Amino acid sequence: MSKYKLTALVVAGLLSGCASKIDEQQQQNQLQEFVAKTQIAAQLQGQDELNWWQQLNSTQLNNLVLSARANNHDLHTSQLQLQSALARLGGQKAQYLPQGAVAVDATRSSTGNVNTRQSEANVNLDWQLDLFGKITALVDAANAGAMSQAEQLRALHIEVVTSVVKGFVSFQGNKQKQQIINLQIEALEQSIAVLRARVEEGVANELDLNRTLAQLKQQQALLPDIEYAQFRDLATLATLTGQLPADLTLVDEQALFEHAFTVSLATPSDAIALRPDISQALFEFSQANSLSVAASKALLPDISLTAFAGVLSLDNNQLSDTTQQWQVAPRIQWSLLSYPALLAQRDAQQYLSEAAYSQYQQVVLEALAQSELSLQLLVKQTQQLGYAKARYEFANNAFLQAQAMYQEGQIPYLELLDARQDVLIAQENAIDSTISSLLAKVDTYQVFNGRWSYALVN
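Residues numbered from 1 in each chain as written. Predicted model: local features only at pLDDT ≥ 70, side-chain atom pairs only at ≥ 80, totals over all residues. Heavy atoms only, no water.

> What is the right way to read the overall build of the protein from this model?
What the protein contains, in helices and strands, is twelve helices and four strands. The C-alpha atoms of the protein give 36 Å as radius of gyration, which overshoots the globular expectation for 458 residues (23 Å, by more than 25%). Across the 458 residues in the protein, those meeting the buried criterion constitute 41%. If you take every contact in the protein between residues at least 6 apart in sequence, the share linking residues at least 24 apart comes to 84%. Only carbon and sulfur atoms are counted for the fraction: they give 54% of the accessible area of the protein, which is about 24600 Å². Each charge class in the protein was averaged separately, 29 positive and 44 negative side chains, and the resulting centres sit 4 Å apart. (Helix = DSSP H or I, 4+ residues; strand = E, 2+ residues; numbered from the N terminus. Rg over C-alpha atoms; globule rule 2.2 N^0.38 Å. Buried < 20%, exposed > 50% of the residue type's maximum accessible area, 1.4 Å probe, protein only. Contact = heavy atoms within 4.5 Å. Areas by Shrake-Rupley, 256 points an atom, 1.4 Å probe, with all protein chains shown as cover. Lys, Arg positive; Asp, Glu negative; His and termini not counted. Charge placed at Lys NZ, Arg CZ, Asp CG, Glu CD.)

See below:
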């Protein structure tokens, strides 16, 4: 990463040079150019990654993703927060227009034998002229806040989708482990029945029987953990899809691990640069910068127009025979006596703006580091999967050879049990490696989420 330090400093200079309003689109374009020069994940460039989970060809998984996106309560909460931010933006834009009120009064009073009536209607307007750009800066801040909330919603979509895929893969993996353990328990029980008969006949000894019983209990002890793991995955998926675990039913789908599932990115640089955490940090920086501009504009005078218009009617309540009156008055208000407080507020907001920019830089660096780390994990898991499969093949061949040699009387039964134990461990390791490799690919899509998440929310 050090060889791109100069480029990073250039980007930093361009960003820090913005004095009034941050051009978010320009900064995103510059970031995309910067990331493209790093050539991260260039080896993964290929087909488009949109709807990448559909490579697994699972109707159950596709339905779970759709259900989670429609029913997840966190997504619904974030969507409402976004609507609230947009409403606040609309309220801030309304400050460009004149503000005021309309009042209509009718009174009737009596003093002794004298009754009096009076009615009036008034319109009061106050129009603050945005000559120095204070209102515009506040509107820009509100707009950046709404965009930041939108990016937070997009990040939550990513988390929900990837969590559903991971939960489903884990559930199916634990199902497969449970099936293999049950098969091994069945095989051990058959061996125990044979051994007991041979012990009674005096052909075998108690040592062989006890060793086999110990292996049986070892396998049986794995079942509670597997059952708990399945329920944990089911509960996770139920929560993500907005329902209770008892309401969610999943069928066994072992073909999931047989489908070709590869990591392919149409544009790796965009997949990093368009990540929602980076965009959110950029909009938060833009918001803080706009608030800093607004704090600076508060040092300047406020210029506004106030207007009053009304009618007054005496001796009736129907606004007839009225007397009209109106008034227009320009007003300049300059908080000179509050300058020390305003200067302190401006300085405080400038520090917050610098802090937001520093945070933006940190988020970019973390995104690049996560991208490279996910690629390293992908390579690691792929290599380990290859070794695990080879190990299982060798262990299985050794077990078959041990069976033949035992039947011919060339080796004792204890060596056959050792060969069985080796193949059990190798088989379990191969399954774990298969699951870990698949989850590493999901993690890679989760990290390189810039393009497919935009397509998801749009």
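> Please explain empty space enclosed by the protein as it appears in this structure.
In this structure the tally under the stated criterion is one cavity of 30 Å³ or more. The computed volume of the largest cavity comes to approximately 70 Å³. Tallied by class, the residues present in the lining of the largest cavity amount to six nonpolar, two polar and four charged. (1 Å grid on protein atoms, 1.4 Å probe; cavity = no way out; pocket = protein on both sides within 12 Å on 5 of 7 lines; lining within 4 Å. Points joined across faces, edges and corners; volume = space filled by probe spheres on them. Nonpolar A, V, L, I, M, F, W, Y, C, P; charged D, E, K, R; others polar.)

> I keep staring at a nonpolar patch on the surface and nothing clicks. Help me out?
On the surface, a nonpolar cluster with roughly 350 Å² of combined accessible area is contributed by V102, V104, V123 and L125. Counting residues per element, the ones that place at least two in the nonpolar patch are β1 (99-111) and β2 (114-129). The topology assignment puts V102 in strand β1. Given a relative accessible area of 64%, V102 falls into the exposed group. (Patch = residues over 30% accessible without salt bridge, like charges linked within 9 Å, V, L, I, M, F, W, Y side chains within 5 Å. Salt bridge = Lys/Arg side-chain N within 4 Å of Asp/Glu carboxyl O.)

> I would appreciate a short explanation of the packing of aromatic side chains in the present structure.
Each aromatic ring pair is characterised by the separation of its centres together with the angle its planes make. What the rule picks out here adds up to seven aromatic pairs. Residues W52 and F261 carry aromatic rings whose centres are separated by 6.4 Å and whose planes lie at 55 degrees to one another, so their mutual orientation is tilted. Of this pair, W52 sits in the loop between α2 (24-38) and α3 (59-71) while F261 sits in the loop between α7 (222-240) and α8 (268-273), and the two are 209 residues apart along the sequence. The pair W52 / F261 is uniform in exposure class, with both members buried. Members of the aromatic cluster, joined through ring pairs, are W52, W53, F261, Y445 and W452. (Phe/Tyr/Trp six-rings, centres within 6.5 Å; stacked < 30°, edge-to-face > 60°.)

> Just to check I follow, could you spell out the nonpolar core for this structure?
Note on soluble globular proteins: their nonpolar side chains tend to be buried together. Among the nonpolar cores identified, the biggest contains 64 residues, and W52, W53 and F448 are the most heavily contacted of them. If one sorts the elements of this core by residue count, helix α5 (residues 134-201) sits on top with ten residues. Those residues within four positions of W52 in sequence are excluded, and the remaining contacts are V161, T162, V165, F261, V442, Y445 and W452. Of all hydrophobic cores here, the second largest spans 22 residues; its members include I181, I192, A395 and L417. (Core = buried A, V, L, I, M, F, W, Y, C linked by side-chain atoms within 4.5 Å.)

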